Amino acid sequence: MTVRALSLPPTDTEVDAWTAVLVAAQAVDLPQVPPPARTEVAGRLCVTPARGSAALWAADGGAGVAALLLFSDEANAHTAFLDVLAVRPDARRRGLGRALWEQVRAELLAQGRTSVLTLVDLGGPGQLFAQSLGFENALPMAWYEQDVTRQRAEAPAPVAPGYELRAWHGPVPDDWAGPLATAHGAMEDAPMGDVDEKAETWTPQRLHAAHQLILDRGGEITTVAAVTAQGEVAAYTELVLPDPAGPRALQYDTVVAPAHRGQGLGRSVKLHMLERARGRYPGLRRIATTVADENTAMRAVNERLGYRLDRPAAYFQLSL
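Heads up: these notes are all about the structure in this document. Every value quoted in this text rests on a predicted model; they were computed, and no experiment measured them.

**Quick notes on the pattern of salt bridges**
Item 1. If you walk through the whole model with that rule in mind, you get 18 salt bridges.
Item 2. Residue Glu145 is joined to Arg248 by a salt bridge in which the shortest nitrogen-to-oxygen separation is 3.0 Å. Taken together, the positions of Glu145 in strand β6 (residues 136–147) and Arg248 in strand β10 (residues 248–256) put the pair 103 residues apart, joining distant regions of the chain. By the burial criterion, Glu145 is buried, and Arg248 matches it.
Item 3. Among the salt bridges present, the one from Asp310 reaches Arg311, with a minimum N-O distance of 2.5 Å.
Item 4. Since its relative accessible area comes to 25%, Asp310 is described here as partly exposed.
Item 5. We classify Arg311 as buried; its relative accessible area is 9%.
Item 6. One connected set of salt bridges, linked through shared partners, spans Arg51, Asp73, Glu197, Glu200 and Arg206.

**Some remarks on the nonpolar core**
Item 1. Formed by 26 residues in total, the largest nonpolar core has its most connected members in Ala235, Leu239, Ala249, Leu265, Leu284 and Ile287.
Item 2. Among the elements of the structure, β6, β8 (220–228), β9 (233–241), β10, α7 (265–280) and β11 (286–292) are those that each provide at least two residues to this core.
Item 3. Sorting elements by how many residues they give to this core places α7 first, with six residues.
Item 4. Leu265 has contacts with Val159, Ala160, Tyr163, Ala226, Ala234, Ala235, Val256 and His260, leaving out every residue within four places of it along the chain.
Item 5. By size, the runner-up hydrophobic cluster in this structure holds 24 residues, among which are Trp57, Leu82, Ala314 and Leu318.

**What to know about the packing of helix α5 (residues 174–184) against helix α6 (residues 204–216)**
Item 1. It is the contact of α5 with α6, at a shortest axis distance of 8 Å, that shows an interaxial angle of 95°. For the element pair α5 / α6, the angle class is roughly perpendicular. Here Asp174, Ala177, Gly178, Leu180, Ala181 and His184 of α5 lie close against α6, whose contacting residues are Pro204, Leu207, His208 and His211.
Item 2. Within the contact of α5 with α6, the residues separate by chemical class into five nonpolar, four polar and one charged.

Reading the values: the criteria
- Residues numbered from 1 in each chain as written.
- Predicted model: local features only at pLDDT ≥ 70, side-chain atom pairs only at ≥ 80, totals over all residues.
- Heavy atoms only, no water.
- Salt bridge = Lys/Arg side-chain N within 4 Å of Asp/Glu carboxyl O.
- Helix = DSSP H or I, 4+ residues; strand = E, 2+ residues; numbered from the N terminus.
- Buried < 20%, exposed > 50% of the residue type's maximum accessible area, 1.4 Å probe, protein only.
- Core = buried A, V, L, I, M, F, W, Y, C linked by side-chain atoms within 4.5 Å.
- Contact = heavy atoms within 4.5 Å.
- Axes fitted to C-alpha atoms, helices over the stretch in contact; angles between N-to-C directions.
- Parallel < 35°, antiparallel > 145°, perpendicular 65-115°, else oblique.
- Nonpolar A, V, L, I, M, F, W, Y, C, P; charged D, E, K, R; others polar.

If you want it as structure tokens, here you go:
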């Protein structure tokens, strides 16, 4: 068996092989989830991450693949994120997964990292493999999905007095980037369990870089915010389509600033987002999101909006 590091960016042939591995693995492990489109896979492989650098490996001519994100910000220079480690179902039980992991581990140690985090679907081969390597559950959570085709169209909730709804497709205008970055900082009180990753300060520059990364990877992003007359972003939500032609979108952050909670703003921005998404993306079928088990407030909001539990998951972490 051979494991080799891929040069960045990978070739079209390597992207095709990588996509084939993910599609085949997901068809067996998560048949209820639409397979990743090549547009999405190519974007993630070929465009430099905003938060650091990537390292990629392929095993046995592309029968297995692994991707590692090495954070570059000072607060997280000790850790990293294992974004992908997958083996085609017909090539499993041959040690490819462990061989890929050994290359990932060697890179982590060479870069002086003391921990690594990964997102695992519970109850499947990914959990068993992660636990066999010594990973532990650091933050229990779950995937929730909203079926846009079955969800009854609900009139957007009127926003509370003193607030106005704004929506931006693509990068947020410069004059709102600062207030939105400040609102992003309210995510710091979201449950993080035992995850060994420090919150990075949001700035207008970081916000623009994060949004531009989605666009550069071939995706689209829409932000809906509840704002005040004083120019403050009181609440916001983000919807991302990694493949704009695909049937599935990802609900990114939904945040209500502490001083503005208890007024239904989270529900208002999400309902307005759903209305806009239905009009802009007629092929959209499902919206997926993750919520930590501890975040009972957001789970309650999502349930009222029609989100239903799809599958349990967790961030698993290993100390090196």
